[in-house]
Amino acid sequence: MSTVSWTEDKTCRTARWHSENGTLPPYSIVVVSDSTTADAACRSARAGTGLLWRGDFHNARQLLRAMGRRVERKAPLGDDPAEAFRRYRASRRRRAELLGKLLVLLEDDYSLALRRAPDVRRACTGAYGAPRGRMVVALTELLGVLGAAQWREKGVYVPALGERIHPHYGVFSPVRGEYVDLVASAPLPARAETAFDLGTGTGVLAAILGRRGFRRITATDNNPRALTCARANLDRLGLSSVAVRGPALFPDGEADLVVCNPPWLPGTPTSALESGVYDENSSMLHAFLSGLPAHLRPGGEGWLILSDLPEHLGLRPHGDILARITAAGLHITGRLSTHPTHHRAHNPTSPLHNARTRETTSLYRLTPR
C-alpha cells in the first residue's frame, strides 16, 4: 500500500494513495485552492507535482476543464492509420496523466470535505468497497466513480431485452447495441440447450441467451467486478439459474453454443475499464479460437463477435482473423454483419472518423472442421 504526504497548516499529513489504473503517486504534493490558475496548475502538474485541492468542489471541476483545454492542442496525426492511432492514444494518455495530478482527499468514511461537494460516500463504497482510512485519489477518477454510480442507478436500456442492464464501476457498459442485436437475431444451432458466454461483463449476452430459450448457461469473466455485476443483473432479470464463474475464460465441460465478444482492439489496457476495449496481443481472441473445439458438443457452434476497426486502423492485417480461424481447425458456416450506430461513428471531428465510417461488426458462426 502506497502512502502520500503533504504539509498543510504547518503540519505534515499522510493518507493512503489509490489509483484504479495503477498510476504511481506523485513525488510531491502541494495544497492548492480557488486562487490557483490553470496555467500555474499545468506547470506544476508537468513538473510531476500533485495538487491537493482544498477549495470549492465546483471550482475544482472548472479548473480541471481549463487545464484540459490547455493540453488539447491537436497535432496532425499523419496519413498512416496505425501511426495516427498510436499518436492519438499517446496524446490521450499524456492528457490523462496531467489532469490526474489534481487530487482530492477522501476522509475515513469516503466523505469529501470541500465546499459544495456532493455526498460521494455511496458511490465510493460501490466502487472501492468498505472504507479503509483516508485516501487521496485523482479528481478525474472520483468523477468517473460518480458517473459510474449514476449509470449503475439508471441502467442502460437494451432493446433486444426490453430491459435495463446496470453496469458496475470498472465494467464495460453495453452502450454499443449492435453486437447485442447480432446475438439476439443469429440463427440458433440445431440443438440449443446449453451455452457458455465468455467474458460476460455485465451479463447482457447471457441474458439474451436465457431469453432465447437456453436452459443451462454459464457466464465467465476474469474481472471480479464483472462477476458481481453479471450476477446482480441476471438475478434482477429473473435468470438466477445462469451460473456465473471466474476468474476464467472457458468453464469446464462442453456446450451447444459458445459465445465470445472479446475486446476489439489489440493493445495494452491502462485500466480495468479499458480491458473491455483493448485485448493485449489479442490473447483473449486467440485463446477463444484455440480452445473452442474442445468445448463444443457434437453439432455445436461458436459465435465470435468482432469489429473490423483494427484492420481499418492498421492494427491487424487484413485476412488475419480468417487465417487464425482456419489455423484453429474451425470453419465459418455463416456470418452476420452490421454497421455501428453509436455517436462516435458519425462524428466528423473525431481523429479516427475515416476508419470508423468503414467499420463493420460481424458475428462469425464457427464449427470444427
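Residues numbered from 1 in each chain as written. Predicted model: local features only at pLDDT ≥ 70, side-chain atom pairs only at ≥ 80, totals over all residues. Heavy atoms only, no water.

As recorded in an unreviewed UniProt entry, the protein goes by the name Methyltransferase small domain-containing protein, listed as coming from Nocardia sputorum.

Before going further, it helps to spend a moment on the pattern of salt bridges. Scanning the entire structure with this criterion turns up 23 salt bridges. Residue glutamate 20 pairs with arginine 225 through a salt bridge whose shortest N-O separation is 2.6 Å. Taken together, the residues span a long stretch of sequence, with glutamate 20 in the loop between strand S2 (11–17) and strand S3 (28–32) and arginine 225 in helix H8 (residues 224–236) at a distance of 205 residues. Given a relative accessible area of 25%, glutamate 20 falls into the partly exposed group. Arginine 225 gets classed as partly exposed once you look at its relative accessible area, which sits at 23%. With its nearest N and O atoms 3.2 Å apart, the salt bridge here joins arginine 324 to aspartate 320. Note that arginine 324 and aspartate 320 are positioned in helix H11 (residues 320–327) at a spacing of four residues, about one turn of the helix. By sharing partners, the salt bridges in this structure join Arg191, Glu193, Arg215, Asp256 and Arg297 into a single network. (Salt bridge = Lys/Arg side-chain N within 4 Å of Asp/Glu carboxyl O. Helix = DSSP H or I, 4+ residues; strand = E, 2+ residues; numbered from the N terminus. Buried < 20%, exposed > 50% of the residue type's maximum accessible area, 1.4 Å probe, protein only.)

Running from N to C, helix H2 (residues 57–70) and helix H3 (residues 81–99) point in directions that differ by 145°, and their axes come no closer than 10 Å. By crossing handedness, the relation of H2 to H3 is classed as right-handed. Listed contacts from H3 to Leu64, Met67 and Gly68 of H2 are Arg95, Leu98 and Leu99. Taken together, the residues of the contact of H2 with H3 sort by class into four nonpolar, one polar and one charged. (Axes fitted to C-alpha atoms, helices over the stretch in contact; angles between N-to-C directions. Left-handed = near helix turned anticlockwise from the far one by under 90°. Contact = heavy atoms within 4.5 Å. Nonpolar A, V, L, I, M, F, W, Y, C, P; charged D, E, K, R; others polar.)

Moving on, we come to the sheet that holds strand S4 (residues 49–53). The sheet built from six strands is open, its strands ordered S1-S2-S6-S5-S4-S3 with mixed pairing. Looking at strand neighbours, the two that pair on one side only are strand S1 (3–8) and S3, the edges of this open sheet. Across the sheet, the mean angle from the axis of one strand to that of its neighbour is 40°, orientation sign disregarded. Of the strand pairs in this sheet, S4 and strand S5 (residues 102–106) are connected by two bridges, and their pairing is parallel. Looking across to S5, one finds that leucine 52 is bridged to leucine 103. In the packing of helix H5 (residues 139–154) onto the sheet, the strands contacted are S5 and strand S6 (135–138), and the crossing angle to S6 comes to about 85°. (Pairing = 2+ DSSP bridges.)

One pass over the full model with this rule turns up five aromatic pairs. Ring centres of tyrosine 110 and tyrosine 128 lie 6.1 Å apart, and the angle between their planes is 50°; this geometry places the pair in the tilted category. Taken together, the positions of tyrosine 110 in the loop between S5 and helix H4 (121–128) and tyrosine 128 in helix H4 put the pair 18 residues apart, joining distant regions of the chain. Across this residue pair, the class does not change: tyrosine 110 and tyrosine 128 are buried. (Phe/Tyr/Trp six-rings, centres within 6.5 Å; stacked < 30°, edge-to-face > 60°.)

This part covers H2. Taking 1.5 Å per residue as the helical rise, H2 with its 14 residues ought to reach 20 Å, and the 20 Å between its terminal C-alpha atoms agrees with that figure. Looking only at H2, the buried set comprises Phe57, Ala60, Leu63, Leu64, Ala66, Met67 and Gly68. Where H2 is buried, its residues contact helix H1 (38–46), S4, H3, S5 and H5. You can read the cap of H2 off the contacts: a side-chain oxygen lies 2.9 Å from the backbone nitrogen of histidine 58, and it is on aspartate 56. (Expected span 1.5 Å × (residues − 1). Polar contact = N/O pair within 3.5 Å; in protein donor to acceptor, adjacent residues only side chain to side chain.)

Pairing in this open sheet of seven strands is mixed, and the strands run S11-S10-S9-S12-S15-S17-S16 from one edge to the other. With partners counted over all chains shown, the strands left at the sheet margins are strand S11 (243–245) and strand S16 (330–338), one partner each. Averaged over neighbouring strand pairs, the angle between their axes works out to 20° when direction is ignored. Direction of pairing for strand S15 (residues 296–307) relative to strand S17 (residues 361–368): antiparallel, over a ladder of six bridges. Bridge pairing in S17 links tryptophan 303 to arginine 365. Set on the sheet, helix H9 (residues 283–291) makes contact with strand S9 (194–198), strand S12 (255–260), S15, S16 and S17; between it and S15 the angle comes to about 160°.

Let us now look at the side chain of serine 19. Within the secondary structure, serine 19 sits in the loop between S2 and S3. Separated by 2.6 Å, the side chains of serine 19 and asparagine 21 make a polar contact.

This paragraph deals with the nonpolar core. Val183, Val258, Phe288 and Leu366 are the most contacted members of the largest nonpolar core, which has 50 residues in total. Per-element accounting of this core gives the leading share, six residues, to helix H7 (residues 204–211). Counting 34 residues, the second largest nonpolar core, distinct from the first, contains Leu51, Leu64, Leu98 and Ala148. (Core = buried A, V, L, I, M, F, W, Y, C linked by side-chain atoms within 4.5 Å.)

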